[in-house]
Every structure is written in C-alpha cells, then in structure tokens.
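Structural overview for review
Letter by letter, the chains look like this.
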Amino acid sequence: MSSRAPESVPAGVARLGFTDPARANALLDDPALDGLAGTPDRIDAGGLAEALSRTADPDGALLGLVRVLESAAASGGVRGDLVDRLGRDATARRRLFAVLGASGALVDHLVAHPEHWRAATDAVPRDADDRRAALVAAVGDPGPVPPADALRVAYREQLLGIAALDLVADDASRVLPETAAALADLAAAALEAALVIARAEVGEAADTCRLAVVAMGKTGGRELNYVSDVDVIFVAEPADGVAENAALVVATDLATRLMRLCSASTPAGSLWQVDPALRPEGKNGPLVRTVASHRAYYERWAKTWEFQALLKARPVAGDAEVGAAYVDAVRPMVWQASARDNFVPDVQAMRRRVEDHIPKAEAERQIKLGPGGLRDVEFSVQLLQLVHGRADETLRSASTLEALEALSAGGYIGRDDAAVLEAAYRWLRALEHRVQLSRLRRTHLMPTSEQDLRRLGRALGLRRDPADSVQEQWRARRREVRRLHERIFYRPLLSAVARLSDQDVRLSPEAARARLSALGFRDPAGALRHLEALTSGVSRRAAIQRQLLPVMLQWFADEADPDTGLLAFRKISDELGATHWYLRLLRDEGSAAERLAHTLARSRYAGALLEQAPECVQFLADAEGMTPRPRAEVLRRMRSAAGRKDDPEAAVLAARTIRRSELFRVAVADLGGTITLPQLGAAMTDLTAALLETTLEVAHRAVCDRTGEEPLTALLVVGMGRLGGGEQGYGSDADVLFVHDPLPGADEQAAQHQAMEVVKLLIALLGRGGPDPRLDVDAGLRPEGKNGPLVRSLASYREYYARWSLVWEAQALLRATPVAGDPGVAERFTELVDSIRWPSGGLTPAQVREIRTLKARMESERLPRGADRKTHFKLGHGGLSDVEWVVQLLQLRWAHDRPELRTASTLGALEAAQRLGLVSDEHAAALAASWRLASTMRNASVLFRGKPSDAVPTYDRDADGVARILGLGTGGGQDLAEHYRRVARRARAAFEEEFYGA
Amino acid sequence: MDRQQEFVLRTIEERDIRFVRLWFTDVLGTLKSVAIAPAELEGAFAEGIGFDGSSIEGFVRVYESDMLAQPDPGTFQVLPWRGDTGGTARMFCDISTPDGSRSMADPRNVLQRALAKAADMGFTFYTHPEIEFYLLKPGWVPGTAPEPIDTSGYFDHTPHGSSADFRRAAITMLETMGISVEFSHHEAGPGQNEIDLRYADALSTADNVMTFRTVVKEVALEQGIYASFMPKVFAQHPGSGMHTHMSLFEGDTNAFHEPGAPYQLSKVGRQFIAGLLHHGAETAAVTNQWVNSYKRLWGGGEAPAHLTWGHNNRSALVRVPMYKPDKGQSTRVEVRSIDTACNPYLTYAVLLAAGLKGIEEGYELPQETEDDVWSLTDSERRAMGIRPLPASLSEAIEIMEDSELVAETLGEHVFDFFLRNKRAEWLDYRNQVTAFELERYLPSL
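The rules we used
Residues numbered from 1 in each chain as written. Chains lettered and ligands numbered in written order. Predicted model: local features only at pLDDT ≥ 70, side-chain atom pairs only at ≥ 80, totals over all residues. UniProt positions renumbered as here; feature names shortened; annotations may be inferred. Contact = placed C-beta atoms within 7 Å. Helix = DSSP H or I, 4+ residues; strand = E, 2+ residues; numbered from the N terminus. Nonpolar A, V, L, I, M, F, W, Y, C, P; charged D, E, K, R; others polar. Axes fitted to C-alpha atoms, helices over the stretch in contact; angles between N-to-C directions. Left-handed = near helix turned anticlockwise from the far one by under 90°. Buried ≥ 20, exposed ≤ 12 C-beta atoms within 10 Å, placed from the backbone. Pairing = 2+ DSSP bridges.

An unreviewed UniProt entry lists chain A under the name Bifunctional glutamine synthetase adenylyltransferase/adenylyl-removing enzyme, with Phycicoccus flavus given as the organism. A UniProt comment under Sequence similarities (unreviewed entry) is attached to chain A, and it reads "Belongs to the GlnE family." Recorded in UniProt for chain A, the comment headed Cofactor (unreviewed entry) runs: "Mg(2+)".

Structure, rendered in structure tokens:
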C-alpha cells in the first residue's frame, strides 16, 4: 500500500493556473490577506487560491486583491467589513474576484476608492432612472472634488456593478443584451449629469434654451460597449420669449461644455469621447439645431446613410419634450428613405465603402470592421430594416439583436441564418467587451501578446489552451458572419419562390419585390419568375442553383442591368442545365460564376452571343480562355470547319460559328479590362480578316465548281478604314477594295467575270443572317464609288489611278492594307498604292486647300438629321473624323520622306507625327484622348446595348451602363456626356489649329 | 409629399391663391414663368410640369425638347402685386429631363453644382449684392434720348422725389416677399438708385436677384415710370453695376477672417481673391454678358476695367471693405465688375469657381493696388503688371473660349450655347451703323 504524498503548496498553486507560482505563493503570505488565506487551505477546494483561480487572470486578481485590501486598511473600517464579507459570502467573493481578474483599470479604481467594493459584491440590475438619479446626485454634491471628477468616480462605481454581473455569468454572450443596455443607460445617465454640471457652470442663461441630447449609434440602440465613443445629436428650442439665435448660442455653449466634461482627462481620468459627427452636415454643421432646422435638413439634403444613422436616434438627456419632438419629426423619414431617388446607388456605394474602409494594417486584428466583423452584421441588419421597415412596422427597432429577431420572425432572413448570425454577433460583442474591459480603453483590436490572449480566452470561459482557442473561435465566427453577410440579403429571395427548409417562414412576394428593387432590379416581378424557374423542383440542378443564386444575385446587382443579367442566366441555364459540366463549372471553378454574372449583367452583346453559344461558358473557367486567339489560329480553325462542308453556305456558317465564339472571348476580355483598345482593335480585325480569307476561298471554290472553270485569277481583299488600320470595333463594317490579277495565260474578260462572281458570292454569304452578328462588307471606297465595278484587275487599278486619281482617294488609300487573298497580288497592289498615298514631294498647296475645303463641306452636310454635333462619335466636333483627318493630312504631306508616318493605324501615325514634331505634344495628346474615348465609348455602347450607337447615349440607363464599362463608376448619366464633350472640345480646338491652320 | 410641400398646398388653400407661377431662368438670365392652377400643383411636386424646352434660350436641341419644371417648395411666395385675395404665388423650379436627371442647361443647376463643389471643400458661399438701376420716364421712343425721372445725385435726398416713393414701395414689396433689404439710396446718376439686399447663401441671393428685378419693374409700372437694369444707359452718367460682397464660411466661422492678418484677411481669403483676379478675364463674358456691358466697364469712374485689388480702392476689380473690429464674421470681398443685367446664377457660379481654384491651387495674391487705376498711364500699368479686363464682348468671348475653368463650371452644354449666342450677338452689333458713326463721318466723308 502506498500513500500519496500531499501535494506541495507551490505545485498546487501552479496547478490552479497561476503563471508565476512563486510570486503567487509569496503574495498569499502577504499580511494584507490576514484573515482570508489560512495557510493550510490555500490550495484546497473552496480556498482563497482556488477562488482566485476561477478568474480570467489569477495572478492579476491576487495582486489586485492585495492592493485593494492594503488600501482598505488605510481607510478606516473598510477592510474589516470587506474581509468579513469575503470570508462568509461565496457570491460576493466570486463577483469581486471576477472583476479583479478581468480589469486592471477597475482594480485601480478600487484601490483609489476601496469603499466601492459593495458596488461589485452587491451588484443588482438597475434601471435607467435609477442610474441617472445616482449620477445626478453625485454631481449635485461633489464634496471636495470638482463635479467632473465626482462624475467620473460615480460612473466607475456603477461600472463595477455592471462588470461584476457580466463577469460571473455562465455565458457572457447570453447576458450580453442586458450588459450592453446597462452600459447605454449608464452613458445616458452620465450625459444627463454632465448637462447638470454644464448648466450650473453657465448659470442663469442656461434657462433661455431647452437642450435635449439625442443618443445615436450604439448608445441610441441601447447596445453600448464598455468603452466607445458616445454618438449624440444636440437639439434645442428657445425657452418661451427668448429669441432663437440667442438661445442657440447658449445651447451650443452647453453642448460644448457637456462634451468636454465627458471627454476631458482630469485627475479622475476620462469617461469617453462624445462624438457629435452624425449631425446634419457633419463636422461642418452647427453643433446645435432646432427641431425645425433638423427636419428641414433631412427633408432636403440628407443622404441615405444619414437615415440609416437615424434608425438609432433616442433622446437620453436634457429636455424630454424637445427630444421627443425631434424623434417625432425625423423618425417617419427614416422609413421613407428606401423610396428616395438615390436609394439603390447609395446602398451599393455604402456597401462598397464598408468593405473598402478598413485600415490594411489592422484588418487582420479588427473585431469590429474587418471582413466578418461586427459592422458586417450591423450593416446587413440596418439595411434590411430600411428596405422592409417601410411596410412592416415590427422591424422598427433600434437594437441590432431585436431587429435581427424581428427580421427572422418576419421571414426576411432565414431562421437558421438568423440564429447563427445572432450567436456569432453575441459572441463577438462579448469578445469585444472583454478586450475593452481589461484596460477600459476604446479598442476593437485583438490583443497580440500571449498573456493577453490567455486572459481573454479565460474571460470567455475557455479553460483549455485559452490563447489558441480564443483565436480559433474568433476566426470561425468571423468566417460564419462573412458567409452569412454575403447571402443574408439574397437567400431569402429564393425562399419567396422556392421552399428551402420547412422551418423557414417564407419571405412574402411584396417583401421580395421591395428587396429586389433595393438591389437595383427594375422588374422585380420578372426577376422573381426567373428565380422560381431556376430553383423550383427537387432535381439536383435546382438544388445547385439554390446554392449558387444567392451569391450570383449579388454579382448581378453590382452591375448596371441586373434584370438582363438574370434573364440571360436563366436562358443559358435552361439550355445547359442538363449538361454534366455546366453547374459543376459554376460551382467549383472559383471565379467562373462570378465572371459569368458580371458579364451577363454588364453586356447585352456578350449575353446574346452566349445565348447562341452557351458552351462558351467554358472560356470563363480560366484566364487562358479569355485571351484572344491569334489570327493564324483562328484562320486554321475556320478553314478546317469550312472544309468539312461541301455546300458553300454551310461552310461559311461553320466559319461564322467560330467567329461567334471568338467574339464572345474578345468581349469578355474587353469587359474584364484585360486587353487595351489597340489590342481589341487588332483582335477584332483578326476575326474579320480570317473570316474574309475563309469566305474568299469557299466562294472561289464554289464559283469554279459551279461553272466548271479552273481558277482564272488571283483575288485579293484590301481592308480600308478601320479594318485596314487594324482598329475595328464591335459595330464596325468591313470597308474593303476587291482586286484580282488574272493568272498567266488566262483570258482577261473571263477572269474579270470569274472575279466578279466570286466577290458577289462572298458579299452574299457574309450578308446573310447567321449565328454571329452580321458582317457588312462595304466596297464603297472603290474607284468611281457605286458606279464603278465591284472588283477590278490590278491593271485596271493602275490605269485608273494614273488617269483619274483624286486627293480623297489617295487619302482613303492611306489605310489600305491587304487582309485576305493572294500574297503576290497583295505585294503588287501595295507597291502600286504607295506612290499614290505617299506622293513624292507631298501635296501641292491647291491639294491641301482641296482637302480642307472638302472636310469643311462635309462638316456642314454629312451629319445625319437630328444628330448632335457635340456628341456624335464619328462626325461630331472633336470626334473620330476630326482626329483622322488631321493625321491623314500630315501623312499625305510628309510620309514621302518620313517613313515613320507610313502606317495605316491612326494612333500609330499620330504618335509618329508627334515624335517628328509635326504636331505639338499638347495637341497630339488632346487628339489621341478624344479618338480613344470615342472608340471606347462606341465599343462600350455596343457591349451594353447590344447594338451600335453613333453618339454618347443620352438615356440615363444606357449612359450608366456605358459609364460602368468604361470604369467611370456608377451614376455616370450626364457626367458621361459632360466628360465626352470636354475631351472632344479640347480635341476640336487642337484640330482647328492643326488642320485648318492657326 | 414632404412637409414643405404640404405647407405650400395648405397656404394656397388658406390664402385663396388662384394661380401659381413656376419661375425659372434661361441661360441668358431672363425670367421665365409658367402659370398653373393650384389643382395641378400636387402633380407638379410629384412629377414636375412638362414644357417644351426648345423655345427657351439655351435649354435643349429641338428634337428632345420635353423638359420638366419641378417647383422648389422652399421658394414659395405669394406675389404681393396681384392683390391679396384671389392672388398669385410663385416658386422657383429646378429643371430636369424626362428621365429625371437635372438639366445641364438649368442655370440654377449650374450654381448648385458649383455650391456642391464648395461644400465638398467644406465651404458655404454667401453673397450680398448692391443692385443699381435707372428710373426713366415712360414711353421712350427709339431714336430719342431716354429721360431720367429726376436730376439728383449720390445720396441726395429729393423732397417729393418719386425716387424716394419708388424705393419705399419697392422695398415694402420686397420685404413682403421675404427678401430683406439692407440699404437703399439715390445713386450718382440722375434717376439712378441702389438697393442692397441682405447677406444670404448664393442660391437664395440669385433667386432673390431674379425676384428683385421683377419687383422693381412691377413697382415702376404701378407708379407710371420705367425701370431699367441696362448696364450703361447714358454715356455721360455712371452705369449700373451689381457689386457683390462675397464670403466663404466653414461651418459657423468666416473662412476669410483671420485676426491680426492684413485687413484681417485669412490665407483662404487672399487665395480666393487671387483666383478671382487670375481668372477675371475668362469670366468676364459671364459677369458682363452684353455688348453694352463693356461700355460701362470702360466708361471710367467706379467701374473697374483692370484686374486689381485694393483696400477701399473703388477703381479695383476686387475691393476688401473696411474691417469693423467687432465683426469678424463680416470679413468679405467685394467684386465690382458684375453688372445688373447678368445671369446671377451663372455669375456667382463662375466667380465662386475662380475663387475656389485660387484656394485649391494656392495662387499667390499679387500686390495690392493703392492708386486709382484710371489715373495711371499705360506704361505704369504695364510696369506694375496690371492686366486689363476684355475691352469688348468679342474679346471676352475669345478669352472665355479657352477657359477650362468656365467650361467646367458652366458644364459643356451651357458653355457651348453661351458662346454661340454671344458670338451671334456680337455679329448683330457689328452689323449696326451707329449714331456715333453717322454724326462723326457723315458730315465729313
């Protein structure tokens, strides 16, 4: 038999959780503890050490106890009562020790005022009136200290009680609402007491105004932290018979004093900052306003976020009647906020602001602001209140937790989501409380030191590995909040149309429509129908859609046209729903679903392409899929697709099908901003050139097959205009010249006839409706225009240009670039036109005058009826034509001996001219900027509207869509036109000087 | 329906208003008015009143001419001259396009945008105009010289003078309409009078100027005389200006005030003046928008023709008035070029923008000019770096054409319309053969 040796005292102390057992042991021997810690029982169950060890920080609690008792001994009979009480009353002991272990700041207070120990041991819940009466009494009879100090001391005495009840609760998150409400009541009481002091300081004049203090933010919502700025708004009315101005001067004085009384550091410390920044006009506005002035401001000027802030307004101090009048005046407006004009864009902006405004360095430690922080919960809840509180009065609570419960009860948030969110919110708040309580500092950051983390974990009841567990739990809650924050807004929308789980109350169709409107959907009823179609049923497909849609709705809502996005998504899903890879791709491929949603809601053009070719969704899965393919690769695929068909029509359709998917690829790259304007122009030109090449081959073969002839001639397609310049956009025609050169020995008549047949067939094949947007082939720039033959032989061109060539033809040829057909003919044709477009010696003065006159005449004649000269992309002032004519005139005059100018690209030639000093830097910049902007806007118009547009869109919604594609942000409307007109005006000024000559 | 709108509807009922005039201003500063019956007002608040903008100077191009006038209930006033029962009231309107966005052509919107920019920088803009005008005998016949109603001079007290009666009647009417008058007196020219309005934010001031002109014309009509705001009626007498005192406030404090600085003028104040001077030539076409305006500017006397500033220097473009030691809040600058026939919305917008630009860019304030600029020789002025204002409307237009500041402030639409309209006015003027030419050339050539 062995008997266990009794545990040594130091070992026992260590086992109990003291981190410095030797020091603890020494402290336990301290004479200050006489009568409390009998040596033998110090490590026994129920003994002093064991009681201390239950606190968050046993070492700190022990040291605190010694200090408090020493101080008590020095102040008369205090120690006797305290020791006696602690010896016999376990509850009292638990409460006092819990405070000593959790808050160094409150230990310091007890050391300074040991007589306050009863505030902790005998703590009871107190109501707001009781708290107020106590603080007002304290400042009314401050004794030897200044009233501001008396306020601080009395405030902390009550704080002791709140902390004691909070800290001994089994579960800090369970008592959180009571704790937070008590803190708010205490803050309100302090404001009242401070006002009493301020009035006394001001003297009789104080009676000339009736000042009310309205709490906002967490104080207003009765959900305050231990230490936080107290947000307030001051409202005042003149007393009877006093002029308003005079009364407001006094009221401002009182308010200023009140703020200083609370925030100033005195020998007794400071309470907290009083923050009046939520008042009308913020920091620039007057500190105090009358009720009428507040109302006028909110009626006329207030922004949406200010109404969100008003949700929490609650009069807490000063003149109750004035406070009530204020709330009566502004409260109804809160619930009208969602009907305001800018509500939707404001809400979108607010959401972004919340997400953007986190200081990077602290983001990882932020309990309040970081992703998944408290602010996320509060923001979601308040937004839902604003949207639905208009129709449903049960939601009009100022407290986050109450509002959350009401939202859940009303079916506005899924019940499970609400429960998880509430638990996370309570836990995070409790965490924040414990962090702040330690030093009574206003902080929302997780501590970093091991010791602080350990104390924090223990304070939250985590006894095993407290430092690690608290961090782990914090991260888990954050993730949960983040996840729910993202779907809380969108998921219930599905519950309106599909049953998600049986316990859930369904969101009513009216509420769903209100929420969709708030998200920017213009046809909420239609959107609901699409959601229903996508999610109803028990299929696996519907189940996956129910997972996907909440988050996809958010992405749709980020864009200018969510309705179209959702509709297109529905069509594509109907088409592809059954294919095995489609939903898997969206669910599993990271950003594919996000890209799809943004693309569809941003661009009708891309949406329409995708509806025709849903399989292209696959491009979205990786970056490689969104890179435009080189011309050679596109051509190879078109050729092989066309080669598999015998019928020429079928062959060209096959090639055009490839063009369709490649157009989608380019559009997605463009929308995603991964390619520049020149790259876009090159990619679009590549597609056109490859299609022309393929079609030319198919047509030539078909003509030979039909007539039984051998090929008699070599054909060439020369790109003109934007096609020649490699600068095509979505809406561009293909401007071309057709050239042929009879093969050796062929009959010229027969060759001309064959070439004509081929060209006619080519134009017909491409002009037909097909899977891709039609490509209009326009040969209008050919010699003799519409009266001339569609195709000429090289010899005929040579003869024509030798005899007839006009300056405007030379100008058009500047951009001539062979794009399809026989390379030999291309070489010979190029050689022929070089001497015309870059005439040696440049232009004669008469020719320069001719070009200038032509342009001046065009300006007065060519603009279509009803078009606005200021905003027409092509022919308007400072538009594309102005820029191109400047460049082309320079090329005609100087390219013969400045080879750098010999390029078909407008921007390329402009840059070269600038380098050569032919155009001033300032003018070149103005011209290039306008050309780029007009081209980009024209492309963006096609992307957004699905059809080309000649001028800056004036219709608000189109303008907004175009502005977003341009990256100008939301609310572009008139700013877009303004922006364009400004850039074009500068280009016009440059044009007038450079082209017509100053 | 907000409370202000309710208040308007109630007042209309209580005061037995039969017509409501919706007022707005075209780009050239002419007051436009649409009358509606009270029954239509609720709809007007909700959706605006449609009108054809194509017939309003500078509003729209013909093919998209539908515009909406949305009354601003904060500007509701009963018009006193229509009699007290069964009367007429007016409200100023904001103009919008059918899709609900504010019209870029609405001068009120131009000023509101400039004020919003000031607000972004933390400023509110206050102005206080001194409006001069001539009272003439009615029934002027083209080809004859207009006749003033009296022959008094500056501050003269004219017994039984109809000027005094007139001013009393006009001021009473203005006060009835809630427009406070600070000061009024007989001006230097015969029949010339001045009435000063009280300090107010610039938008209210501009609204008040529009009302003021109407009231003055209306009262003159009642008294059988004719009132004119033409900048220069008589070659030999002073023209009519609208000197305007300006200040910026940051919250409740005057941003121009700095105790102990020269003239108590803060850095912000100095930079504001520097901005006004730097951009003075570009903004002239707006502040002095008529061919006739330049006859006043270059007519000598108290009209400033040079870009200078000074303390109590009445020949300077910008004057810093005497500082009253107990009134820190009253530190302000006075711009003296503006004439009474300007569009007050556009004028205040461009001047504010010029001043703000000075603050943004931190312009250095040139040296103060203490001399009477008129008495200096050309070489002296050149040596002192004193630049002139444009000599004519034509020159002003040319300078304004190159102004990014004015384009940005007016918005491209108004900028473009304004230039086109003014160019046309200049061409019309150039086509005239004037009395001067006939008198000088006909006898000898």
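With that out of the way, let us pick up the interface of chain B and chain A. Facing the 16 residues of chain B at the interface are 16 residues of chain A. For the side of chain B that touches chain A, the secondary-structure elements that each account for two or more residues are helix H1 (3-14) and helix H12 (404-430) of chain B. Sort the elements by how many residues they give to the side of chain B that touches chain A and H12(B) lands first, with four residues. Here the residues of the side of chain B that touches chain A are counted per class, giving three nonpolar, five polar and eight charged.

Geometry of a packed helix pair, given as the angle between the helix axes and the separation of the axes. Residue and element names in this part refer to chain A. One can describe the packing of helix H9 (residues 128-140) onto helix H11 (residues 172-202) by two numbers: an axis separation of 8 Å at closest approach and a directional angle of 35°. As for the relative orientation of H9 and H11, their crossing is right-handed in sense. Between H9, through Ala128, Arg131, Arg132, Leu135, Val136, Ala138, Val139 and Gly140, and H11, the contact on the second element is made entirely by Asp185, Leu186, Ala188, Ala189, Ala190, Glu192, Ala193, Val196 and Ile197. Here the residues of the contact of H9 with H11 sort into 12 nonpolar, one polar and four charged.

A positive phi is found at A:Glu784, a non-glycine position, where the angle reads about 65°. Mapped onto the secondary structure, A:Glu784 falls in the loop between strand E8 (777-778) and strand E9 (791-793). Unlike most non-glycine residues, B:Gln264 shows phi in positive territory, near 60°. By the secondary structure assignment, B:Gln264 is in the loop between strand E13 (253-254) and helix H6 (267-278).

Attention now goes to the UniProt feature "domain: Glutamate-ammonia ligase adenylyltransferase repeated" (unreviewed entry) in chain A. Residues and elements named next belong to chain A. Using the residue numbers shown here, the UniProt feature "domain: Glutamate-ammonia ligase adenylyltransferase repeated" (unreviewed entry) corresponds to residues 95-325 and 594-830. Between the end C-alpha atoms of residues 95-325 the distance is 42 Å, and the span holds 58% helix and 11% strand. Spanning residues 594-830, this segment combines 58% helix with 11% strand, and its end C-alpha atoms are found 47 Å apart.

So, about the pairing of strand E6 (residues 713-719) of chain A. Residue and element names in this part refer to chain A. When you tally the buried positions in E6, you get seven out of seven residues, the bulk of the element. Because side chains alternate across E6, one face comprises the buried residues Thr713, Leu715, Val717 and Gly719, and the other comprises Ala714, Leu716 and Val718, equally buried. With seven bridges joining them, E6 and strand E7 (residues 734-742) adopt antiparallel strand pairing. When the sheet's bridge partners are listed, Gly719 is paired in E7 with Val736. Strand direction decides the pairing type here: E6 and strand E10 (residues 817-821), joined by four bridges, are antiparallel. For Val718, the partnering residue across the bridge sits in E10 and is Pro818.

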